[in-house]
Amino acid sequence: MTSKLSNAQIAWRAAQDIEDGAYVNLGIGFPEMVAKFQPPGKQAIFHTENGVLNFGEAPAPGEEDWDLINAGKKAITLRPGAAFFHHADSFGMVRGGHLDVAILGTYEVAENGDLANWSTGPKGVPAVGGAMDLVHGAKRVAVITDHVTKDGRPKLVKRCALPLTGVGCVTRVYTSLAVLDIEDERFVLREKLPTMSVAELQAVTGAELVLPDQIGDLVAPEL
């Protein structure tokens, strides 16, 4: 397969689309990297389900304050104006529609916007977390992911086979090979690696791609 973007580069690309001042929740794990790549002149206000708003970058090694952690139990810092609140109030923000963007990881995402990111099936360890609230509480839900699984199977599919996190909730997907919007229950290709043909991309995508007149190049800096 054509060389692909690293996880850091996928996170960088997703960060470019976050508006200045947006209230943003980042999923545990890979999506947390998005916070590192705020574009110049823009600053999102990051929310974590365990009750912090406007946290900053991770502290330097050895400078962690373990009373300050995010929902993934990672050490955080605070930006001016940061606020603490009860877990119930935090989920009130989520369910009340006060978050502009949620950026999550996934096992599968379907062309109709369905998301499966909490269970790999009967033998997997369930890990729902706050994702089921986030996908239907945030105003916009985006996914960042490798385009295929470790054994080469498409993660972008016609219909999810794994247990769903949310129905019809995802509107944009950032992968290691492409950026796609979900419109009218179809994957619309917006950007792809310049070294990869549309036919090559289609071969590793489990649903038909819609091809607009203009398809941009997916380019990210070395990180």
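Rules of the game
- Residues numbered from 1 in each chain as written.
- Predicted model: local features only at pLDDT ≥ 70, side-chain atom pairs only at ≥ 80, totals over all residues.
- Heavy atoms only, no water.
- UniProt positions renumbered as here; feature names shortened; annotations may be inferred.
- Helix = DSSP H or I, 4+ residues; strand = E, 2+ residues; numbered from the N terminus.
- Rg over C-alpha atoms; globule rule 2.2 N^0.38 Å.
- Areas by Shrake-Rupley, 256 points an atom, 1.4 Å probe, with all protein chains shown as cover.
- Phe/Tyr/Trp six-rings, centres within 6.5 Å; stacked < 30°, edge-to-face > 60°.
- Buried < 20%, exposed > 50% of the residue type's maximum accessible area, 1.4 Å probe, protein only.
- Contact = heavy atoms within 4.5 Å.
- Core = buried A, V, L, I, M, F, W, Y, C linked by side-chain atoms within 4.5 Å.
- Salt bridge = Lys/Arg side-chain N within 4 Å of Asp/Glu carboxyl O.
- Disulfide = S-S within 2.5 Å.

The name an unreviewed UniProt entry gives the protein chain is 3-oxoacid CoA-transferase subunit B, with Devosia marina as the organism. According to UniProt, the comment filed for the protein chain under the heading Sequence similarities (unreviewed entry) is "Belongs to the 3-oxoacid CoA-transferase subunit B family."

A. Inspection of the overall build of the protein chain at higher detail. Across its full length, the protein chain holds four helices and 14 strands. Computed over the C-alpha atoms, the radius of gyration of the protein chain is 17 Å, within 12% of the 17 Å expected from 2.2 N^0.38 for a compact globule of 223 residues. Expressed along its principal axes, the backbone C-alpha trace of the protein chain runs to roughly 50 × 40 × 30 Å. For the protein chain, the accessible area works out to roughly 10,900 Å², and carbon and sulfur atoms hold 53% of it.

B. Quick look at the packing of aromatic side chains. Scanning all chains against the criterion turns up one aromatic pair. Centroid distance phenylalanine 46 to phenylalanine 55: 5.9 Å. Interplanar angle 35 degrees. Geometry classified as tilted. Each member of the pair phenylalanine 46 and phenylalanine 55 is classed as buried.

C. Highlighting the environment of alanine 22. Within the element layout of this structure, alanine 22 appears in the loop between helix H1 (7-15) and strand E1 (23-26). In contact with alanine 22, other than residues within four places in its own chain, are Ala44, Ile45 and Asp100.

D. Summary view of the nonpolar core. Formed by 56 residues in total, the largest nonpolar core has its most connected members in Val34, Ile103, Val170, Val173 and Phe187. With five residues, H1 is the single largest residue contributor to this core. When residues no more than four places from it in sequence are discounted, the contact partners of valine 34 are Ala11, Ala14, Ala15, Ile18, Leu26, Ile103 and Ile144.

E. Quick peek at the pattern of salt bridges. Evaluation of the coordinates by the stated rule reveals 14 salt bridges. For the salt bridge of arginine 172 with aspartate 181, the shortest nitrogen-to-oxygen distance reads 2.6 Å. Of the two residues, arginine 172 and aspartate 181, neither departs from the other in class, the shared state being buried. Note that arginine 190 and aspartate 181 form a salt bridge whose closest N and O atoms lie 2.9 Å from each other. By relative accessible area, which is 11% here, aspartate 181 ends up buried. Among the charged side chains, a salt-bridge network with shared partners connects Arg13, Asp17, Arg172, Asp181, Glu183, Arg190 and Glu191.

F. Representation of the environment of alanine 178 within the structure. Note that alanine 178 resides in strand E11 (residues 178-183). Under the relative-accessibility criterion, alanine 178 is labelled buried at 0%. As for alanine 178 and leucine 5, which are separated by 173 residues in sequence, their C-alpha atoms are 9.1 Å apart. The contact partners of alanine 178, leaving out residues within four places of it in the chain, are Val173, Leu189, Glu191, Lys192, Leu201 and Leu218.

G. Up close: the state of the cysteines. One pass over the full model with this rule turns up zero disulfides. This cysteine, cysteine 160, is not joined by any disulfide, and cysteine 169 carries the nearest cysteine sulfur, 9.0 Å off. Relative accessible area serves as the criterion here: at 17%, cysteine 160 is assigned to the buried category. The exposure class assigned to cysteine 169 is buried, which follows from its relative accessible area of 8%.

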